[in-house]
Amino acid sequence: MMTGTVYYKVDEISKNNGKNQTKIWIVIKESVYDVTEFLKKDEHPGGNELIEEYAGKNATKAFNEVGHSIDAKNLLKQFKIV
């Protein structure tokens, strides 16, 4: 069994932008998150549009500027794929 770190290229991440029934991935710091299921629940307090704007992109600056709570940061952990 092989183990190791998985890396995604920027172009791979950018393809997961929610268009054409693709998943929605965002990057925060150096981690990739699949937030597709979170958005289906429509539970984001600011609305899904705020996350969808960064679909397939780096959302680090926007995430940090909002000042998310510890609960929000902990919730994010369950969507981490890398």
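Higher on the page you've got the structure.
Here the residue index of a chain counts from 1 through its sequence in written order. Reporting of local features is limited, given that this is a predicted model, to residues whose pLDDT is at least 70; pairs of side-chain atoms are given and counted only at 80 or more, and all residues count toward the totals for whole chains, interfaces and linings. Hydrogen atoms and water are omitted, and side-chain values are computed over all heavy atoms in the structure.

S.K.: Explanation requested: the overall build of the protein chain in the structure shown.
M.R.: Secondary structure follows DSSP: runs of H or I at least 4 residues long count as helices, runs of E at least 2 residues long count as strands, and numbering of each begins at the N terminus. Helix and strand counts for the protein chain come out as five helices and two strands. A globule of 82 residues ought to have a C-alpha radius of gyration of about 12 Å, and the protein chain, at 13 Å, matches this closely. Burial statistics for the protein chain: of 82 residues in total, 32% are counted as buried. Between two residues, a contact is recorded if the distance between any of their heavy atoms is within 4.5 Å. Taking the contacts inside the protein chain whose residues are at least 6 apart along the sequence as the reference set, 56% of them involve residues at least 24 apart. Accessible surface is estimated by sampling points in the Shrake-Rupley manner with a 1.4 Å probe; for residues, cover comes only from the protein chains shown. Surface exposure of the protein chain reaches about 6200 Å², of which carbon and sulfur atoms provide 52%. Residues scored as charged are limited to Lys and Arg (positive) and Asp and Glu (negative), so that His and the chain ends carry no count. Charge positions are represented by NZ for Lys, CZ for Arg, CG for Asp and CD for Glu. If you average the places of the 12 positive and of the 12 negative side-chain charges in the protein chain, the two averages end up 5 Å apart. We take the radius of gyration over the C-alpha atoms and set the globule estimate at 2.2 Å times the residue count to the 0.38 power. Here the term buried applies to any residue with accessible area under 20% of the maximum for its type, exposed to any over 50%, and partly exposed to those in between, with areas from a 1.4 Å probe on protein chains only.

S.K.: How should I be thinking about the pattern of salt bridges in this particular structure?
M.R.: It is possible for side chains bearing opposite charge to pair when their charged atoms get close. For this analysis, a salt bridge means a side-chain nitrogen from Lys or Arg found within 4 Å of a carboxyl oxygen belonging to Asp or Glu. All chains considered together, the criterion is met by two salt bridges. Its salt-bridge partner being lysine 23, residue aspartate 34 comes within 3.6 Å of it at the nearest N-O pair. Within this pair, whereas aspartate 34 is found in strand 2 (residues 31–34), its partner lysine 23 is found in the loop between helix 1 (10–14) and strand 1 (25–28), the two being separated by 11 residues in sequence. A relative accessible area of 16% means that aspartate 34 is categorised as buried. Given a relative accessible area of 44%, lysine 23 falls into the partly exposed group. Of the charged contacts, one joins glutamate 37 and lysine 40 as a salt bridge, the two residues approaching to 3.2 Å between their closest N and O atoms. Here lysine 40 and glutamate 37 lie together in helix 2 (residues 36–40), a separation of three residues that amounts to about one turn. Judged by its relative accessible area of 45%, glutamate 37 is partly exposed. With a relative accessible area of 60%, lysine 40 lands in the exposed category.

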